[in-house]
Amino acid sequence: MSDELYDDLILDHYESPYHRGRLESASCEHTELNPLCGDRVQLQLQIDEERRIQQAYFEGEGCAISQAAASILCEHIEGRTLGEVEAFDARQMLDLLQVRLTATRQRCGLLGFKVLKTLAYAYDGTAGTSA
Amino acid sequence: MENIRSDFPILGRPLADGTPLVYLDSGSSAQKPQVVIDALVECYQTYYANAHRGVYQFGVQIDEALEGARERIAAMLGAAEVEEVVFTSGTTMSINLVAQAWARMVLEEGDEVLVNEMEHHANLVPWQQVVRQTGAVLKHIPLTDDGHLDLDQLQNCLGPRTKLIAVTGMSNVLGTINPIGRLVEAAATVGARVLVDGAQSVPHAAINVQDPAIDFLAFSGHKLYGPSGIGVLYGRRELLEMMDPFLCGGNMISEVGLTESTWADLPAKFEAGTLPVAEAIALGTAVDYVTDIGFEQIGRIERALLVEAQTRLQEIPDLVIHGPDVDHKGAIISFTDPRVHPHDMAELLKRKGVALRAGHHCAMPLHARLGVVATTRVSLAVYNTSADIDVLIEAIHYARKVLRRD
Ligand SMILES: Cc1ncc(COP(=O)(O)O)c(C=O)c1O
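Residues numbered from 1 in each chain as written. Chains lettered and ligands numbered in written order. Predicted model: local features only at pLDDT ≥ 70, side-chain atom pairs only at ≥ 80, totals over all residues. Heavy atoms only, no water.

The helix and strand inventory of chain A stands at 7 helices and 3 strands. Along the first, second and third principal axes, the C-alpha atoms of chain A reach 50 × 25 × 25 Å. The buried share among the 131 residues of chain A stands at 50%. Of the contacts formed within chain A by residues at least 6 apart in sequence, a portion of 62% connects residues at least 24 apart. Surface exposure of chain A reaches about 6,100 Å², of which carbon and sulfur atoms provide 47%. In chain A, the 12 positive side-chain charges and the 22 negative ones have mean positions that sit 6 Å from each other. (Helix = DSSP H or I, 4+ residues; strand = E, 2+ residues; numbered from the N terminus. Buried < 20%, exposed > 50% of the residue type's maximum accessible area, 1.4 Å probe, protein only. Contact = heavy atoms within 4.5 Å. Areas by Shrake-Rupley, 256 points an atom, 1.4 Å probe, with all protein chains shown as cover. Lys, Arg positive; Asp, Glu negative; His and termini not counted. Charge placed at Lys NZ, Arg CZ, Asp CG, Glu CD.)

Quick look at the structure:
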């Protein structure tokens, strides 16, 4: 049986996440919490001189939506430049998940995305550009 | 039992998609019986006026209704005097009132306030704030692994500098019923005061504030089948008398000059501004409602439901129920499933009409102690039935099936 919210894409990523773990060579990392439900997502990115994301890893705990979304996000952004990441918007992130989320659940689905945005802008504002 | 349930009109209304409502979130807020709703409507429709001000007919009528409600609340609590019952907006305000109007005055640098790891943020953060303001120290009674206060550690936590023990009557997450009598005895040995957060305990069991003799009790109307926006602080007269007001303005004064004022008598000293007067009156009706059923009967009904729910939840493989066994707690069960996050659990239960809470339930330190970020909480009330538990259990199986794809 396939569920309208917990479909195979979400549950596959929840059960066997893409790049869940520590990335030793990370150029930057950041964590955000969803204080309402205790969901936590940390992203670690390895970024090269062309400002391209070579590797993306995540760690965290929380509901299937927040964790699957972080996994889907890591898979999606590898190989993309920070410029492309900056143009990537919330609508596109939600589209990647392929399920309809209520307003409350969008906060779960967008938690990793929020971390990514923070990282991308912070990276541009600091050592990132000159390194 | 069916007649109790039919007192609550909302429970008979199907949800938007036609599913019957299974309301298991009474620990968060209880639903209201028709008599409480009627009391609100009657007040607004037939005699509404501001309290304490009018000499006209409604002004007199509303004061009688308001003071009548206060008397019934005082009687329910076993208070020695009606003036010891102060209307507040709820538990949170009651505790903040004691923190700012009493503790802030009496605490000196190095004094101690004793709390514990299971408290709701409402009985934790106000103390964190007041110790910061006064240079006092916050100490914690640790918990045992099964969710009790570790009384073996109590002596180590108490000392001559302990000025207050603030403790919940019943945990809003674990359901643990705390041994208030023991704590009152222990407090007496060091001359400390005792504040009980009764938000969860008052709706479920009879209380007598004089036995064991506690100094302050806070509770909320909305968890006692009463309206939102109204609650109570009970305080021993001698303590309330020595305190300055918390909020200042109208009603709480005796005489106001341009530069100085004197305070009104109790309880008006702590009831500045216009009260939610209809809500206060309807809280009196809610008190009548529970005392008519009787706390013994309420206890019997809730205990039977608790035993049934906990037994059936325990039969579900891998489900972890946090906290004490049914003999040591009230009608609350919090659980985790190693493969279904509470947030997903609540989402899937919702589809079956089950309304309950997932999260940290305003008790983050407790969840840290339990080693989980969130739990799913079932909280039962007098209007729940075995049929509600049937739906709950079936819905949990459904949720596990969806998430485990089996
Ligand atoms: C134990 C406990 N204390 C305090 C509160 C706060 O009550 P209120 O929000 O009505 O002030 C609650 C309610 O959630 C509670 O369960």
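Residues and elements named next belong to chain B. By secondary structure assignment, the location of T91 is in helix α4 (residues 91-106). Judged by relative accessible area, which is 5%, T91 ranks as buried. Apart from the residues within four sequence positions on either side, T91 is in contact with D197, A199, A218, F219 and S220.

Time to look at the pattern of salt bridges. What the rule picks out here adds up to 37 salt bridges over all chains. Between D8(A) and R405(B) there is a salt bridge, and its shortest N-O distance comes to 2.9 Å. In this pair, D8(A) sits in helix α1 (residues 8-15) while R405(B) sits in the segment after α13 (386-404), so the two residues belong to two different chains. For R405(B), a relative accessible area of 31% translates into the label partly exposed. (Salt bridge = Lys/Arg side-chain N within 4 Å of Asp/Glu carboxyl O.)

To continue, consider the pairing of strand β3 (residues 112-116) of chain B. All names here are of chain B. In terms of residue burial, β3 counts as a mostly covered element, since 5 of its 5 residues are buried. Neither face of β3 is open: one carries E112, L114 and N116, the other V113 and V115, and all of them are buried. Where β3 lies against strand β4 (residues 137-141), 5 bridges are found, and the strand directions are parallel. Looking at the pairing, N116 lines up with I141 of β4. Taken together, β3, helix α5 (residues 125-134) and β4 constitute a β-α-β crossover, and its handedness is right-handed. In this structure, β3 lies alongside strand β5 (residues 162-168), joined through 3 bridges in parallel fashion. Counted as the bridge partner of V113 is L164 from β5. (Pairing = 2+ DSSP bridges. Right-handed = clockwise from strand over helix to strand, strands pointing away.)

A few words now on the sheet that holds strand β14 (residues 357-359) of chain B. Residue and element names in this part refer to chain B. Across the sheet, 4 strands lie side by side as β11-β12-β15-β14; this open sheet has antiparallel pairing. If you trace the sheet from one side to the other, it starts and ends with β11 (320-322) and β14, each paired once. Taking the axes of each pair of neighbouring strands and ignoring which way they run, one obtains an average angle of 30° across the sheet. Two elements, β14 and strand β15 (residues 375-379), share 3 bridges in a ladder whose sense is antiparallel. Bridge pairing in β15 links A358 to T376. (Axes fitted to C-alpha atoms, helices over the stretch in contact; angles between N-to-C directions.)

Below, the discussion takes up the interface of chain B and chain A. A common measure of how large an interface is: the accessible area buried when the components associate. Listed as interface residues are 16 residues of chain B and, on the opposing side, 22 residues of chain A. Here chain B packs against chain A, burying approximately 1,600 Å² in sum over the two surfaces, 50% of which is carbon and sulfur. For the pair chain B and chain A, the number of links is 6 salt bridges. Between R351(B) and D3(A) there is a salt bridge whose closest N-O contact spans 2.6 Å. Taken together, the connections running from chain B to chain A amount to 9 residue pairs in polar contact (both at pLDDT 80 or more). Taken together, the elements giving at least two residues each to the side of chain B that touches chain A come down to α11 (342-350) and α13 of chain B. Here the side of chain B that touches chain A is built from residues that sort into 6 nonpolar, 4 polar and 6 charged. (Buried area = accessible area lost by both parts, 1.4 Å probe. Polar contact = N/O pair within 3.5 Å; in protein donor to acceptor, adjacent residues only side chain to side chain. Nonpolar A, V, L, I, M, F, W, Y, C, P; charged D, E, K, R; others polar.)

All names here are of chain A. The strand order β1-β2-β3 describes an open sheet built from 3 strands, whose pairing is antiparallel. The open sheet terminates on both sides in strands that have one partner only, identified here as β1 (28-34) and β3 (53-61). With direction set aside, neighbouring strand axes in the sheet form an average angle of 15°. With respect to the sheet, helix α2 (residues 64-77) is in contact with β2 (39-47) and β3, its orientation differing from that of β3 by roughly 175°.

Residues and elements named next belong to chain B. Taking 1.5 Å of rise per residue, 14 residues should cover 20 Å, and helix α2 (residues 34-47) covers 19 Å from first to last C-alpha, within 8% of that figure. Along α2, the positions that sit buried rather than exposed are V36, A39, C43 and Y47. Each element contacted by the buried residues of α2 is listed here: α3 (57-77) and α9 (277-293). (Expected span 1.5 Å × (residues − 1).)

The next thing to look at is the pairing of β5(B). Burial runs high along β5(B): 6 of the 7 residues are buried. At this point the chain moves from β5(B), through helix α7 (residues 180-190) of chain B, to the parallel strand β6 (residues 193-197) of chain B, and the crossover so formed is right-handed.

As a further point, take the site of the ligand. Residue and element names in this part refer to chain B. Lining the immediate environment of the ligand, one finds T91, T92, H120, A122, T168, N172, D197, A199, Q200, S220, H222 and K223. Between the ligand and Q200, the relevant distance is 2.7 Å, taken from an oxygen atom to a side-chain nitrogen or oxygen of the residue. Between the ligand and the protein, one listed contact pairs an oxygen atom with a side-chain N or O atom of H222 at 2.7 Å. Protein burial of the ligand: of its 400 Å² of free accessible surface, 84% is covered by the chains. A per-class count over the shell around the ligand returns 2 nonpolar, 8 polar and 2 charged. (Near = heavy atom within 4 Å.)

With that settled, consider the environment of K401(B). Within the fold, K401(B) resides in helix α13. K401(B) sits 61 residues away from V340(B) along the chain, and the two C-alpha atoms are 9.9 Å apart.

Here we take up the environment of S228(B). Residues and elements named next belong to chain B. In this structure, S228 sits in the loop between β7 (216-220) and β8 (231-235). A sequence separation of 139 residues divides S228 from S89, and the C-alpha atoms of the two residues are 8.1 Å apart. Not counting the four nearest positions on each side in its chain, S228 is found in contact with H222 and E279.

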